[in-house]
Structures are given as C-alpha cells and as structure tokens.
Amino acid sequence: MRILSSALFSLIFFLSSCASGPTDGLLRASNYAAGSTLGAGLMGGDRRALAKAFVDAMDNGSPATTQSWRGQSATGAITPGVPGVGNLRSDPTALIAFRPGLKLTREYETELGEFVLVKNSNIRYGPSTDDQVIEVLDSGTGVEVVGKVVNERWMLIAIDNEIRGFIFETLLKRRPGSELELAGGPTKRPRLCRSFKQTLESPDGSDEWSGVACKIDGRWALQQADTTGPTRLF
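The structure contained in this document is the topic of the report that follows. Counting starts from 1 at the beginning of each chain's written sequence and moves along it residue by residue. Per-residue local features are limited, in this predicted model, to residues with pLDDT of at least 70; the limit for side-chain atom pairs, both in listing and counting, is 80 or more; totals at the level of whole chains, interfaces and linings are taken over all residues. Water and hydrogen atoms were dropped before computing side-chain values, which therefore reflect all heavy atoms in the structure.

1. Quick notes on unusual backbone geometry
Across residues other than glycine, the phi torsion is negative in most instances, and most of the peptide bonds are trans.
Phase 1: Its identity as a non-glycine residue notwithstanding, Asn 87 has a phi of 75°, on the positive side.
Phase 2: Put simply, DSSP marks the helices as runs of H or I at least four residues long and the strands as runs of E at least two long, and each gets a number from the N terminus on. By the element assignment, Asn 87 lies in the loop between β2 (75-86) and β3 (97-98).
Phase 3: Throughout, exposure labels follow a simple rule: accessible area from a 1.4 Å probe, protein chains only, divided by the maximum for the residue type, with under 20% read as buried, over 50% as exposed, and the rest as partly exposed. Relative accessible area serves as the criterion here: at 17%, Asn 87 is assigned to the buried category.

Laid out in structure tokens, this is it:
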C-alpha cells in the first residue's frame, strides 16, 4: 500500500508548511523527464501525464514503490527513494537522512566540518532549551556540523550522514587536525528532497535513469549535480 511515511510527513510539515502552492502551472511547464536523453522529445500530453504521476509519487509514494503513467504516445514509471534533507551540502543532489520531527525551518550557515563533543551533551529536536531532548551523546563523540542557525549559537549535527538534532555551540570543539578548515559555507535553508528512478518508453526508444528532486516553493524541482567544483587530484 502506498502511504506517506511518518518521516516524510514530519519533514513536509516543517519544511513545506509555509511553501505550498498550486500545481497547475507546474503540470503544464515541468518536464520531469529532463534527465533523460528522450525527455526533450516528449509531447505535451506525455509531459502532463508524467508530471501528475511524478508529483503524486514524490508526495505520497512509499520508498521503492513504483508508480506507472501513460500519456498520449509514451509510458513510464517513477520509483521514489527515501526522503532526505537537501541544500545543506555544496552538491545539490547530496541528501542527508534525518530524524523525524526535527524543526528545520531556520536558515543555516553550512559546511562547518567535523567537531567533537567536549562533554556529555543533550541533543534536541529544535534550537532551544525549550525543545525536547532526543538523546544524550557521550563526551568525545565525533559529529559533523551540517548547519549553524544564523545569528544563534545552535548547531545542527549529523553522524554517519544522518541528522540527529541540535546542540549548543559551546558543547563542541573542532576535531583535532581540522582547525585550519574554512569557517563555513553559504547560508541556506534545508529542503525536502527525494531521490528517484525513472523508466520511459516512447516512439523514439526507451531509457532508464535516476536523479534527485527537491521541493522549492511547494513544487518539486529536479536538481543537477554541481560539475563546476574543483577536482580532487589525490
């Protein structure tokens, strides 16, 4: 049965409650097969059929559950992945798993790097001592700071590419050996994102591809990997 997972519901609630909008323009204009070599050749009716199925799958589909569509001359299927948090890393297609219920509506300084807890520390659902404690992490635990609330001293931390919650800044110090890293990246707002896989059959042939879409202003937008960054040489 295709249901909205509790994790996806929680992230939609915090990231999309103020960013909803009509989908009519989206269905007319969006081509969710843009990542395919066949995407540019889709007719308008095929694009609309795909858009409706894509939006429904990304909004409501359980991970790994395939949703098929049929247009005027093409058919296809969308398989959504596990929802995640996007727009906190330099790569627009890089997603971070998350704990359901986190309060992620704020703007953050990003890419702050690796830190270590200086004492046993409370991890909270939101950036306030009024927010519930989720867990207590031991002194010496290594974490990645994926965001610092702008103009506040609360840090959003991740362990093993999963966002765990918020911790106060004074409970952290930079991991030994990383002191010379840059202070951080640009300020950003988290986005609800999902990976997906698609198949397409049209008169021009067939294709299979994958990608990432994020919800921006209440609408799903395809993301492209950043190919302009520096190349690692070692």
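Structure shown, so let's carry the discussion forward.
2. Some thoughts on the pattern of salt bridges
Side-chain pairs of opposite charge can arise where the charged atoms are in close proximity.
Phase 1: A pairing counts as a salt bridge when a side-chain nitrogen of Lys or Arg comes within 4 Å of a carboxyl oxygen of Asp or Glu. As enumerated under the stated definition, the model contains 7 salt bridges in all.
Phase 2: Residue Arg 89 pairs with Glu 144 through a salt bridge whose shortest N-O separation is 2.6 Å. In this pair, Arg 89 is assigned in the loop between β2 and β3 and Glu 144 in strand β7 (residues 142-149), connecting sequence segments 55 residues apart.
Phase 3: Glu 152 serves as the salt-bridge partner of Arg 106, at 2.1 Å between the closest nitrogen and oxygen. One end of the pair, Arg 106, is in the loop between β3 and β4 (108-117); the other, Glu 152, is in the loop between β7 and β8 (154-159), with 46 residues separating them in the sequence.
Phase 4: A relative accessible area of 26% places Glu 152 in the partly exposed class.
Phase 5: When salt bridges with common partners are traced through the structure, they connect Arg 99, Glu 135 and Arg 164 into a single cluster.

3. Regarding the sheet that holds strand β1 (residues 67-70)
Backbone hydrogen bonds are what pair the strands of a sheet, in a parallel or an antiparallel way.
Phase 1: For two strands to count as paired, DSSP must find a minimum of two bridges between them. Read from one edge of the open sheet, 5 strands run β1-β2-β12-β13-β14, paired in antiparallel fashion. Strand pairing shows two members of the sheet lacking a second neighbour, β1 and β14 (219-223), which therefore form its edges. Shown here is a sheet whose adjacent strand axes are inclined to one another by a mean of 35°, direction ignored.
Phase 2: The pairing of strand β12 (residues 191-202) with strand β13 (residues 205-216) spans 10 bridges and is antiparallel. Across the sheet, Ser 202 pairs through a bridge with Gly 205, a residue of β13.
Phase 3: Contacts are assigned to residue pairs with any non-hydrogen atoms lying within 4.5 Å of each other. For every element, the axis is a line fit to its C-alpha atoms; helices are fit only across the contacting stretch, and the angle between N-to-C directions ranges from 0 to 180 degrees. Packed on one face of the sheet, helix α3 (residues 44-60) meets β1, β2, β12, β13 and β14 and runs near 165° to β1.

4. Remarks on the state of the cysteines
Phase 1: Note on terminology: pairs of cysteine sulfur atoms within 2.5 Å are recorded as disulfides. Per the counting criterion, the structure on display carries 1 disulfide.
Phase 2: Cys 193 shares a disulfide with Cys 214; S-S distance 2.0 Å. With the S-S bond torsion at 105°, the cross-link from Cys 193 to Cys 214 turns out right-handed. Here Cys 193, found in strand β12, pairs with Cys 214, found in strand β13; they are 21 residues apart in sequence, far enough to count as distant. The two residues Cys 193 and Cys 214 agree in class, both being buried.

5. Observations regarding the nonpolar core
Phase 1: Think of a nonpolar core as a cluster: buried Ala, Val, Leu, Ile, Met, Phe, Trp, Tyr and Cys residues, connected wherever their side-chain atoms sit within 4.5 Å. In this structure, Leu 50, Phe 54, Trp 69, Ile 78 and Trp 220 are the most contacted members of the largest nonpolar core, which totals 21 residues.
Phase 2: Those elements that provide at least two residues to this core are α3, β12 and β13.
Phase 3: Take this core: its biggest share by element is 8 residues, from α3.
Phase 4: Ignoring any residue separated from it by four or fewer positions in sequence, one finds Leu 50 in contact with Asn 31, Tyr 32, Ala 33, Leu 42, Trp 69, Ile 78 and Gln 198.

6. Examining the packing of aromatic side chains
Phase 1: Each Phe, Tyr or Trp ring, with Trp reduced to its six-membered ring, pairs with another whose centre is within 6.5 Å; inter-plane angles below 30 degrees give stacked pairs, above 60 give edge-to-face pairs, and intermediate values give tilted ones. Evaluated as defined, the whole model comprises 4 aromatic pairs.
Phase 2: The interplanar angle of 5° and the centroid separation of 4.2 Å between the aromatic rings of Tyr 32 and Phe 54 together place this pair among those described as stacked. Separated by 22 residues along the polypeptide, Tyr 32 in the loop between α2 (24-29) and α3 and Phe 54 in helix α3 bring together distant segments of the chain.
Phase 3: Taken together, the ring pairs connect Tyr 32, Phe 54 and Phe 196 into an aromatic cluster.

7. A short note on the pairing of β8
A regular strand places its side chains on the two faces of the sheet in alternate fashion.
Phase 1: In terms of burial, β8 is a largely internal element, 6 of the 6 residues being buried.
Phase 2: By the alternation rule, side chains of β8 split into Trp 154, Leu 156 and Ala 158 and Met 155, Ile 157 and Ile 159, which are all buried.
Phase 3: In this structure, the hairpin formed by β7 and β8 is closed by a connection of 4 residues, where Asn 151 is found at a positive phi of approximately 65°.
Phase 4: In the sheet, β8 pairs with strand β9 (residues 162-168) via 6 bridges, with the strands oriented antiparallel. Paired with Trp 154 across the strands is Phe 168, a residue of β9.
Phase 5: Linking β8 to β9, which pair antiparallel, is a turn of 2 residues; within it Asp 160 sits at a positive phi near 50°.

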